[in-house]
Structure formats: structure tokens, C-alpha cells
Amino acid sequence: NRIITEDNFSHPAMFFIKSRLFSYAIADTLEKYFPEYIIGKDITLKNLLSMRSGIVRECDPMFNNPETYEANSLEQNDALFKDWVFSRPLNFQPNTKFEYSNNNYRLLSFVEEMVSGENYEDFIRKNIFQPLGMNHSGFKIDVKENTPWTKGLTFDNIQSSGQVLILAQGAGGI
């Protein structure tokens, strides 16, 4: 049996979701989905998928403090995340360089939610896990309510590793 991990599953899943299940163009710019993001007119969905967007790699230091983000609703944290990313200059001009950034996948997950009308986790469950019979697959956030979810994986293990669960959406949180 081959173990499907976040590294070899979530990234192809994002490409599948973005390019196959919807009719929107991979050449769409972020401006279409986030009109408030001025630099978004120069960044395409393809740039996000190929890690050629120039969007910063790091996250707001606020998310390193669990008390801060856990006190907020998911919507508040999503808004804070977007405000922070959208306020940062690009590391380089889009499509001129490669630099991995989980923020690219996080933004793509927001686009998926806008286009499908479903939250990211429900969309993946319905369109990938269920059709493929992946009945024992889930998301890191599921561990919080279902510990221990798998052998050796508990919510405390994830928290102690320094991973921020709210930032995992779209970026390997499977």
C-alpha cells in the first residue's frame, strides 16, 4: 500500500481542482477574485500554481501565537490573512522566478470556495475523497475533534510541531 501524503497528494489535487472541475481560465488574474488586491492584476492562477507569483512566503507573525488566532472566527482569520498578504510587496515580478509559497495554495483555496460555493474541505471530500473511496482520509484540522485520528498523529503533536492549522487550508493540510 502506498501512503498518500500532503506532498504527493494535495498539490496535484489543487491542479486537478483548478484546471478540471471548473470552467474558469487558468489565465484569470487574482484581480478577478480579489479586486481589493491591486497587484493582483499582474498575477494569474497559473502563477500561483507554478509558484511564480512573487507572493511572500512568510505569514503574519500574529499567526505564530495560537491564543491570537484561536480567539478569532475562521472568517476573521481569513480576512486577516488576506489583508496581511495583500499589504506586502511581491518578492519578484510574477512569472520571472520560482519560489515556493504556501500562501499561493491558500489563495487558490479561497478562489475554489468562491467559484464552487463550498468550503475547501467539503469540496475535497465530495469531489476527490468520496469518489475515490478514500474513507479514511481527512484534514489536519479534523484531528482537533478526532484524536487520535491515526497512529502517532494527534492534535497535540501537530500543535507542538509549530504548524498553524488555519494556514494549512489549500497548502497541504490533508
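Refer to the structure presented above.
Scope of this entry: the structure provided in the associated data block. (Residues numbered from 1 in each chain as written. Predicted model: local features only at pLDDT ≥ 70, side-chain atom pairs only at ≥ 80, totals over all residues. Heavy atoms only, no water.)

Another aspect to go through is the side chain of N104. When you line up the elements, N104 lands in helix 6 (residues 102-116). Discounting residues that sit within four places of it in the chain, N104 has contacts with N47, L48, M51, S53 and I55. (Helix = DSSP H or I, 4+ residues; strand = E, 2+ residues; numbered from the N terminus. Contact = heavy atoms within 4.5 Å.)

Turning our eyes to something else, we now look at the environment of Y37. Along the polypeptide, Y37 turns up in the loop between helix 2 (30-33) and helix 3 (45-49). Along the chain, Y37 and V85 lie 48 residues apart, while their C-alpha atoms are 9.2 Å from each other. Residues contacting Y37, with those up to four places away along its chain left out, are L30, I43, I55, F86 and L90.

Tracing the backbone through its elements, the reader meets T44 in the loop between helix 2 and helix 3. Its relative accessible area of 18% is what places T44 among the buried residues. Apart from the residues lying within four places of it in its own chain, the contact partners of T44 are I26, A27, D28 and T29. (Buried < 20%, exposed > 50% of the residue type's maximum accessible area, 1.4 Å probe, protein only.)

Scanning the model with the defined rule gives five salt bridges in all. One salt bridge connects E118 with K126, and the closest N-O pair in it is separated by 3.2 Å. A residue is classified by how much of its surface remains accessible, and K126, at 44% relative accessible area, is partly exposed. Residue R125 pairs with D122 through a salt bridge whose shortest N-O separation is 3.5 Å. (Salt bridge = Lys/Arg side-chain N within 4 Å of Asp/Glu carboxyl O.)

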